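# Understanding the architecture of this molecule
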Amino acid sequence: MLEIKELRAGYGEAEILKGISLTVKPGEIHGIMGPNGHGKSTMSKILIGHPAYTVTGGGVTFNGKNLLEMPPEKRALEGMFLAYQYPVEIPGVNNAEFLRMAYNEKRKHEKLEPVDPLDFDELLNAKMKFLNMDSRFKERAVNEGFSGGEKKKNEILQMALLEPKVAILDEIDSGLDIDALKVVAEGVNKLAGPGNSLLIITHYPRILQYIKPHHVHVLIRGNIVRSGGMDLAEELETTGYDSYLKGK
Amino acid sequence: MAGQDKKQDISELTKREYKYGFTTDIEADVLPKGLNEGTVRAIGAKKNEPDYMLEFRLAAYRQWLTMKHPDWAHLKIEPIDFQDITYYSAPKKQEKLQSIDEVPPEILKTFEKLGIPLMEQKRLSNVAVDAVFDSVSVATTHQKKLAKQGIIFCSISEALRTHPELVKKYLGSVVPITDNFYAALNSAVFSDGSFVYIPPDTKCPMELSTYFRINTEGAGQFERTLIICDKNSSVSYIEGCTAPSFDTRQLHAAIVELVALDNADIKYSTVQNWFAGDPETGKGGIYNFVVKRGKCLGVNSKISWTQIETGSAITWKYPSCVLVGDGSQGEFYSVALTTGHQQADTGTRMIHIGKNTRSVIISKGISADVASNAYRGLVKVASVAEGARNYTQCDSMLVGDKCSAHTFPYIEVGNENAQVEHEASTSKISEEQLLYFQQRGIGKEEAIRTILNGFCKDVFNQLPMEFAVEAQKLLALKLEHSVG
């Protein structure tokens, strides 16, 4: 589904990713772990097409297509989703309208009729109930004045609506207390299925107890230095990243 | 990669076309360039005006000679040669037109192309239009229907002759000839404009509208609008403007005067899209220097200005309200967009004189490319204005990092019971916001449109429905390529 090959990329002059390769198959959950500043978030930004980041080598194939050639909105419509670590606030734009706009863009892409506000409202209510969300979310401006936990829930709500093929969850547990984390993780688990894949980017192994990955990768200094299963995450829980950072 | 994309987007902007930049080839009756007492007399004579008008004009002209061009605005204005302007240009015609069918077909086509059909069968059914082409009004629709209710809607030249008592009483009563440099100039040379009178106890059954079109190169447009709303009456009035794309500057110096008597309600909306000049070089475009003022003379009267300013090389105007009647209300809702090399210094003045007068100011300035956008507003509460209240909200949005926004609020409160509130904010459309939309499958253009609509919502809500849609489209079109 998603095939990253020898990917090199950076920001300005600095090369941050130094030849990453990763294959994600349908239904798989991958955990990408590593300390801050070693390229985890850069990887997610490259995948969604952030204009400030530059690819210097390698390639990414998504559903057999060259992902890197697509503009960001095309990548999204093809099924690439990023749940932001820091969701962006958009003052003045109503959250429900924003969600409907995104939903209808996807329908348009699939050559389906757009959904009118009333039908969409029903759909949205159902998804929000499923994520245990307050209906006030609909009335507010996109992410504006949301608490950290509310913003994260809003990200998962969008994921639930858009049903992406590959969802990248960037530090989805940061800023969440344990109850909110459980709700979010439960939501994500319900959304995971045989047809879609998850990339869970995290500094701490905690989230991986709630969303169990099939594969775990350790990203240090722009390289995947080790891959394994759930046991690797458990090992990191006790040892931390120190041993990886010392050895060059 | 990213840097290149941005540059490409900005260069796209220079290719952006001004949709209304065409000229109409029609024989015109044009006065030679230049301004002297003879010019003023010639305009009066051409229009066959009564003597009282000529006296008004000459007094204004003599006043103008003693005045200096104002320089206090936050604007870079090239010196204007007032002798290099044509003060009168009108489509040639022999006699006064009896009906719209007599309007030259080229002109009808021009207005149709602009989306303002004047012909009986195609006319906008719920909007009466006075069409002003260069210096004169060429057609006014729905006149007879309105006359049945006693509503007078005609060109000001016509009103000078047919309703001298109203014109004498109110012309210059809100904006006196001595008011400022451009008020004096306009009073001396104004060639046409619209006149509206709503009799007592009448709610005008349709929107009234004037559409201004500058056609002749080098012609200035100096029109004059006078709207009087008598007791317990209401009217909603819309003004639209376009001009061809010429390399030379053109001057548009209009005066709009509104008078609201007891319990009267006037709503005045403007969608201004004059030619802004070349977006890359800044050459050409309209200098839009307009004096707009309303007087709430009666008790509980209300005047509301809504403006969407998207065009012109320079926009310099402050639609204002003088709140004389007790309990009267003034409102100002504005979106001013500047892109390319455009400059705007706009805002309002709310002068509270009556007791319990209220005013609201909502101003949204959007600036892109290398444009400059200034809000300037005065809230003045006289010592006798017991219980006066004002709320001002002034927001600026910057698109890109070479543009600028400035806010100049002036507050003068002479009564200790007055309540004056001022809120201001500045924001930017960021790359991160656009990417967030894109990451959800929504294209950049749609994202910009959505963010802008959100930003301008409070103002758009004030516009008559179909004009709100137009205004939204216009903004999106203007900014399409400005966000990198």
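Everything below is about the structure printed above this text.
A brief look at the structure comes next.

## A few points about the overall build of chain A
If you tally the helices and strands in chain A, you get nine helices and 12 strands. Out of the 248 residues belonging to chain A, those deemed buried represent 54%. Put simply, 68% of the contacts in chain A that link residues at least 6 apart link residues at least 24 apart.

## A few points about the overall build of chain B
Broken down by element type, chain B carries 11 helices and 23 strands. Counting across all 484 residues of chain B, residues that qualify as buried make up 62%. For chain B, the share of sequence-separated contacts (at least 6 apart) that also reach a separation of at least 24 residues comes to 83%. Surface exposure of chain B reaches about 18700 Å², of which carbon and sulfur atoms provide 49%.

## Some thoughts on the pairing of strand S14 (residues 302–309) of chain B
Residues and elements named next belong to chain B. Counting buried residues along S14, seven of its eight residues qualify, which places the element largely inside the surrounding structure. When strand S12 (residues 265–272) meets S14, the two strands line up parallel, connected through eight bridges. Within S14, the residue paired with Tyr268 across the bridge is Trp305. Bridge count between S14 and strand S17 (residues 329–338): eight bridges; the pairing is parallel. Residue Trp305 lies in a different strand from S17, and its bridge partner there is Phe332.

## Overview of the pattern of salt bridges
Scanning the model with the defined rule gives 27 salt bridges over all chains in all. Between B:Glu309 and B:Lys317 there is a salt bridge, with the nearest N and O atoms lying 2.3 Å from each other. Each of the salt bridges in this network shares a partner with another, and the network as a whole consists of A:Lys65, A:Lys74 and A:Glu78.

## Description of the packing of helix H2 (residues 37–46) of chain B against helix H3 (residues 51–65) of chain B
Residue and element names in this part refer to chain B. Two elements in contact, H2 and H3, have axes separated by 10 Å at closest approach and are oriented at 155°. Viewed along their axes, H2 and H3 adopt a mutual orientation that is roughly antiparallel. In the packing of H2 onto H3, the handedness of the crossing is right-handed. Of the residues in H3, those touching H2 at Glu37, Val40, Arg41, Ile43 and Gly44 are Leu54, Arg57, Leu58, Tyr61 and Arg62. A per-class count over the contact of H2 with H3 returns five nonpolar, one polar and four charged.

## Comments concerning the side chain of A:Glu171
Residues and elements named next belong to chain A. Mapped onto the elements of the fold, Glu171 is located in the loop between strand S9 (166–170) and helix H7 (178–191). The buried category is assigned to Glu171, whose relative accessible area is 6%. Contacts of Glu171, omitting those with residues within four sequence positions, involve Asn36, Lys40, Gln85, Lys152, Ile201, Thr202 and His203.

## A closer look at the sheet that holds strand S4 (residues 53–62) of chain A
Residues and elements named next belong to chain A. The strand order across the open sheet formed by four strands is S2-S1-S4-S5, and the pairing between neighbours is antiparallel. Two strands close off the open sheet at either side, each with one partner strand: strand S2 (14–24) and strand S5 (65–66). Sheet analysis places strand S1 (residues 2–11) next to S4, joined by eight bridges and oriented antiparallel. Each residue of the ladder has a partner; that of Lys5, found in S4, is Gly59.

## Some words on the interface of chain A and chain B
Opposite the 31 residues of chain A that make contact, chain B presents 20 residues. Regarding the contact of chain A and chain B, the summed buried area is about 2200 Å², with carbon and sulfur atoms giving 64% of it. If you sort the residues of chain A by the area they bury against chain B, A:Pro51, A:Glu73 and A:Met101 come out on top, with a joint share of 23%. Our count for the chain A to chain B interface comes out at one salt bridge. The salt bridge partner of A:Glu155 is B:Arg440, with a shortest N-O separation of 2.6 Å. Applying the counting rule to chain A against chain B returns 12 residue pairs in polar contact (both at pLDDT 80 or more). Among the elements of the structure, S4, helix H2 (72–77), strand S6 (80–83), strand S7 (90–94), helix H3 (95–109) and helix H6 (148–162) of chain A are those that each provide at least two residues to the side of chain A that touches chain B. A class-by-class count of the residues in the side of chain A that touches chain B yields 21 nonpolar, six polar and four charged.

## Some remarks on the packing of aromatic side chains
Residues and elements named next belong to chain B. Inspection of every chain in the model, using the stated rule, returns 21 aromatic pairs over all chains. The structure contains a cluster of three or more aromatic residues connected by ring pairs, namely Tyr61, Trp64, Trp72, Phe82, Phe181, Tyr182, Tyr287, Phe289, Trp316 and Tyr318. We note Arg57 situated over the ring of Phe190; from NZ or CZ to the ring centre the distance is 4.4 Å. The side chain of Lys364 reaches across the aromatic face of Phe455, ending 5.2 Å from its centre.

## Focus on unusual backbone geometry
All names here are of chain A. Positive phi is not limited to glycine here, since Glu6 has a value of about 50°. Checked against the element boundaries, Glu6 lands in strand S1. Positive phi, close to 50°, is recorded for Asn63, a residue that is not glycine. Asn63 gets classed as partly exposed once you look at its relative accessible area, which sits at 31%.

## Focus: the sheet that holds S9(A)
Residues and elements named next belong to chain A. Pairing is mixed across the open sheet formed by six strands, whose spatial order is S6-S9-S10-S3-S11-S12. Every interior strand has two partners, whereas the edge strands, S6 and strand S12 (223–228), have only one. Averaged over all pairs of adjacent strands, the angle between their axes in this sheet comes to 20°, without regard to strand direction. Direction of pairing for strand S11 (residues 215–220) relative to S12: antiparallel, over a ladder of five bridges. For His217, the partnering residue across the bridge sits in S12 and is Ser227. Here helix H1 (residues 40–48) sits on the sheet and contacts strand S3 (29–33), S6, S9, strand S10 (197–202) and S11; the angle it forms with S10, its principal contact strand, is near 145°.

## Brief notes about H7(A)
At 3.6 residues per turn, the α-helix brings residues three or four places apart onto the same side. All names here are of chain A. The terminal C-alpha atoms of H7, which comprises 14 residues, lie 20 Å apart, in line with the 20 Å expected from a rise of 1.5 Å per residue. Buried residues of H7: Ala180, Leu181, Val184, Ala185, Gly187, Val188 and Leu191, and no others. On an axial view of H7, the arc spanned by its buried residues comes to 155°, and they lie on one face. Packed against the buried residues of H7 are helix H4 (117–130), H6, S9 and S10.

## Observations regarding the nonpolar core
Among the nonpolar cores identified, the biggest contains 109 residues, and A:Leu2, A:Leu169 and B:Ile366 are the most heavily contacted of them. Element by element, the count of residues in this core is highest for helix H10 (residues 444–460) of chain B, at eight residues. Core analysis: the next-biggest nonpolar cluster, separate from the first, contains 56 residues, B:Trp64, B:Leu226, B:Ala253 and B:Tyr287 among them.

## Digging into the packing of H3(B) against helix H8 (residues 181–189) of chain B
A pair of packed helices can be characterised by two numbers: the angle between their axes and the separation between those axes. Residues and elements named next belong to chain B. In contact at an axis separation of 7 Å, H3 and H8 are set at 145° when each is read in the N-to-C sense. The interaxial crossing formed by H3 with H8 has left-handed handedness. Between H3, through Phe56, Arg57, Ala60, Tyr61, Gln63 and Trp64, and H8, the contact on the second element is made entirely by Phe181, Ala184, Leu185, Ser187, Ala188 and Val189.

## Let's talk about the environment of B:Pro176
Residue and element names in this part refer to chain B. Mapped onto the elements of the fold, Pro176 is located in the loop between helix H7 (164–170) and H8. Take Pro176: its relative accessible area is 30%, and that puts it in the partly exposed class. For the pair Pro176 and Ser187, spaced 11 residues apart in sequence, the C-alpha separation works out to 8.7 Å. Leaving out residues up to four positions away in the same chain, Pro176 has contacts with Ala183 and Arg293.

Here is what the cut-offs are and how they apply
The residue numbering used here restarts from 1 in each chain and proceeds along that chain's sequence as written. Numbering of ligands from 1 and lettering of chains from A proceed in the order in which they are written. With pLDDT at 70 or above as the cut-off, local features in this predicted model cover only qualifying residues; side-chain atom pairs require 80 or more to be listed or tallied, and sums for whole chains, interfaces and linings still use all residues. Just so you know, side-chain values use all the structure's heavy atoms and leave hydrogens and water out. In this text, helices come from DSSP runs of H or I with a minimum length of four residues, and strands from runs of E with a minimum of two, each type numbered from the N-terminal end. Buried residues are those whose accessible area, probed at 1.4 Å on protein chains only, stays under 20% of the maximum for their type, while exposed residues exceed 50% and partly exposed ones sit between those limits. Contacts: residue pairs with any heavy atoms within 4.5 Å of one another. Here the accessible surface of atoms and residues is derived via Shrake-Rupley with a 1.4 Å probe, and residues count as covered only by protein chains that are part of the display. Here a strand pair is declared whenever DSSP counts at least two bridges between the two strands. The term salt bridge refers to a side-chain nitrogen of Lys or Arg lying within 4 Å of a carboxyl oxygen of Asp or Glu. To define axes, lines are fitted to C-alpha atoms, for helices over the stretch in contact only, and angles between the resulting N-to-C directions are given on a 0 to 180 degree scale. Our angle categories are set so that under 35 degrees counts as roughly parallel, over 145 as roughly antiparallel, 65 to 115 as roughly perpendicular, and the remainder as oblique. Crossing handedness is defined as follows: a turn of the near helix away from the far one that is anticlockwise and smaller than a right angle gives a left-handed crossing, while the clockwise case is right-handed. Residues are grouped as follows: Ala, Val, Leu, Ile, Met, Phe, Trp, Tyr, Cys and Pro are nonpolar; Asp, Glu, Lys and Arg are charged; all remaining types, including Gly, are polar. Once two parts are put together, the accessible area they lose, assessed with a 1.4 Å probe and summed over both, is termed the buried area. The term polar contact refers here to a pair of N or O atoms within 3.5 Å; inside protein, the definition further demands a hydrogen-donor-capable atom paired with an acceptor-capable atom, and it admits residues adjacent in sequence only when both atoms are side-chain atoms. Only centres within 6.5 Å qualify two rings of Phe, Tyr or Trp (six-membered ring in Trp) as a pair; their planes then separate them into stacked at under 30 degrees, edge-to-face at over 60, and tilted for everything else. By definition, being over a ring means that NZ of Lys or CZ of Arg is both within 6 Å of the ring centre and within 35 degrees of the ring normal. What a helix should span is 1.5 Å times the count of its residues minus one. Here the arc refers to the directions that run from the helix axis out to each C-beta atom. Residue types Ala, Val, Leu, Ile, Met, Phe, Trp, Tyr and Cys, when buried and joined through side-chain atoms within 4.5 Å, form a set referred to as a nonpolar core.

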